[in-house]
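Listed here are the chains, written in short residue letters.
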Amino acid sequence: MKLAFVNKLPEKARVCALANVRKQAETSIVGCTIKKAVKIPQYFPHTEMPIFPGLAKCPTAALQNNNRGGCAAAKIKMETWVALLLRYNPALDGLRAVAVVLVISDHCGVPVFDQGYFGVDLFFVLSGFLITRLLVDEIDATGRIELWRFYLRRLLRLAPALLLFLAAYMLIAPSIWPQFDFLLHLRDAALVGFYLSDYSQAFWHNPKVLIHTWSLSVEEHFYLIWPFAVLLLARIEPRWRLAVLFGLYLLASAWRIFEYETVGWNATYYRFDTRISGLVCGALLATFLQHKGPISEKAANAAGLIAWTALVICLSIGFWEAPWSLVVMTNLAHVAAIGLLIAASTKNSWVSSILSAPPLVAIGIISYGMYLWHYPAALYFRELTPWYLTGPIVLSFSIVMAMVSYLTIERPLQKYRRSLGGHQRNAEAKPVSAGDDRALPTATAPATT
């Protein structure tokens, strides 16, 4: 991330930001003239400034001048944070909304959306893209990755909402699904809590009701290893990084195809090592766009058209357990995700305009909670009501529960997470992941991000 971006802002905007920091040293609100000067959309988040020790003692004049005095380090940190904040793109929340609605529709048995499970591939690409960008930004700004801060931010973002969901599940599940005893429900909750449900589902068809958490496990494993991969990539010459990542993507795709031919659909679909190709694809796109620079509106519109075409093909013929779905359509879904991300990166593209619609952005912001809560409800109601009732009931229930989770747990923790550094809202908003349950004969239970 280049600090020159901040320096190119209109002078009035820079003075406004610096004056805010000087006026309310440790808890200023960034907004005012910056919002107007760079034409940030109406969804620009009024985010609290992180704490920069010693900044309150810096004279305003010292902050405004490009000197190398005692306040220079604090000024650089502030400018880095402002630049990261200005990169918030509401269209990415809109993309989350599209994907999570596809998945919920699929799990509710809504006609035409039987292949909505491809939403998981969209979320894997999005997650790889955002996490890679977050880590690369940190390296560019500080020259390193503070691993403990990264893992703590991930823990605070994901674990509290998950624990609330699991606690509610253990209270209610034994009475709703009495065919499974209490210890089985407890075992399944433990598999989910320790992020083991991807491999347990692939090899042992467990958990029973919480199958959808397999994709959360896939992404958690990615978070564990990817910071080290980014540190290794940083040692490679920039011109070779794309080649290395593209090679990894081809290798991961080949491994998925080989495993499908060897062990079959179920043992391949749910595992981290066979689904990492989408996450690597997102990392490849993040690295490409870092060197490419701004995308023209014409190119963004063309990418959006290709993306929607690819997605429609996936949703039309990507039948569950069909050989071509896991061998070919998965990569086509990656193409769709790449096109949507490229199109969304340009504010004036038609894709960005659609995905930035307020309802989609609102759903995208709470999509993690919606994903957590929707599947047990879908499993229960689809056995009792037709799809045209199941869909609205489950969607409403998941929105309400996600709002409760967001307002009581997720949002209050945002301030502390931002104080830890690496403040990129799109990367901190967990890309939901999605799965599908139809590999289970009993159909009892299935991004991200």
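Below, the structure is looked at part by part. All figures in this text were calculated on a predicted structure; none of them were measured in a lab. (Residues numbered from 1 in each chain as written. Predicted model: local features only at pLDDT ≥ 70, side-chain atom pairs only at ≥ 80, totals over all residues. Heavy atoms only, no water.)

Some details on the environment of Glu-220
Stage number 1. Relative to the helices and strands, Glu-220 is located in helix H11 (residues 214-234).
Stage number 2. Excluding its chain neighbours within four sequence positions, the residues that come into contact with Glu-220 are Leu-158 and Tyr-195. (Helix = DSSP H or I, 4+ residues; strand = E, 2+ residues; numbered from the N terminus. Contact = heavy atoms within 4.5 Å.)

Structural notes on the packing of aromatic side chains
Stage number 1. One pass over the structure, following the stated rule, counts 23 aromatic pairs.
Stage number 2. Plain terms: the ring middles of Tyr-117 and Trp-320 are 4.9 Å apart, the flat faces sit at 85° to each other, and that makes the pair edge-to-face. Here Trp-320 lies in the loop between helix H15 (297-317) and helix H16 (323-344) and Tyr-117 lies in the loop between helix H6 (90-107) and helix H7 (119-142), a separation of 203 residues in the sequence.
Stage number 3. Taking the relative accessible area as the measure of exposure, Trp-320 reaches 13% and is therefore buried.
Stage number 4. Relative to Tyr-151, the ring of Phe-150 lies with its centre 5.4 Å away and its plane at 70°, an arrangement referred to as edge-to-face.
Stage number 5. Classification of Phe-150 as buried rests on a relative accessible area of 0%.
Stage number 6. Site record: aromatic cluster; members linked through ring pairs are Tyr-117, Phe-118, Phe-124, Trp-214, Tyr-260, Trp-265, Tyr-269, Tyr-270 and Trp-320.
Stage number 7. Looking at Arg-154, its charged tip hangs above the ring of Tyr-223, at a distance of 5.3 Å from the centre. (Phe/Tyr/Trp six-rings, centres within 6.5 Å; stacked < 30°, edge-to-face > 60°. Buried < 20%, exposed > 50% of the residue type's maximum accessible area, 1.4 Å probe, protein only. Lys NZ or Arg CZ within 6 Å of the ring centre and 35° of its normal.)

A word on the side chain of Asn-331
Stage number 1. Structurally, the position occupied by Asn-331 is in helix H16.
Stage number 2. Asn-331 gets classed as buried once you look at its relative accessible area, which sits at 18%.
Stage number 3. Setting aside anything within four residues of it in sequence, one finds Asn-331 in contact with Tyr-249, Ser-253 and Arg-256.

Section: the pattern of salt bridges
Stage number 1. In the structure shown here, the tally under the stated rule is ten salt bridges.
Stage number 2. We note a salt bridge from Arg-144 to Glu-146, for which the minimum N-O separation is 3.7 Å.
Stage number 3. In this structure Arg-144 comes out as partly exposed when scored by relative accessible area, which is 48%.
Stage number 4. Of the charged contacts, one joins Arg-149 and Glu-146 as a salt bridge, the two residues approaching to 2.9 Å between their closest N and O atoms.
Stage number 5. On the accessibility criterion, Arg-149 (23% relative accessible area) is partly exposed. (Salt bridge = Lys/Arg side-chain N within 4 Å of Asp/Glu carboxyl O.)

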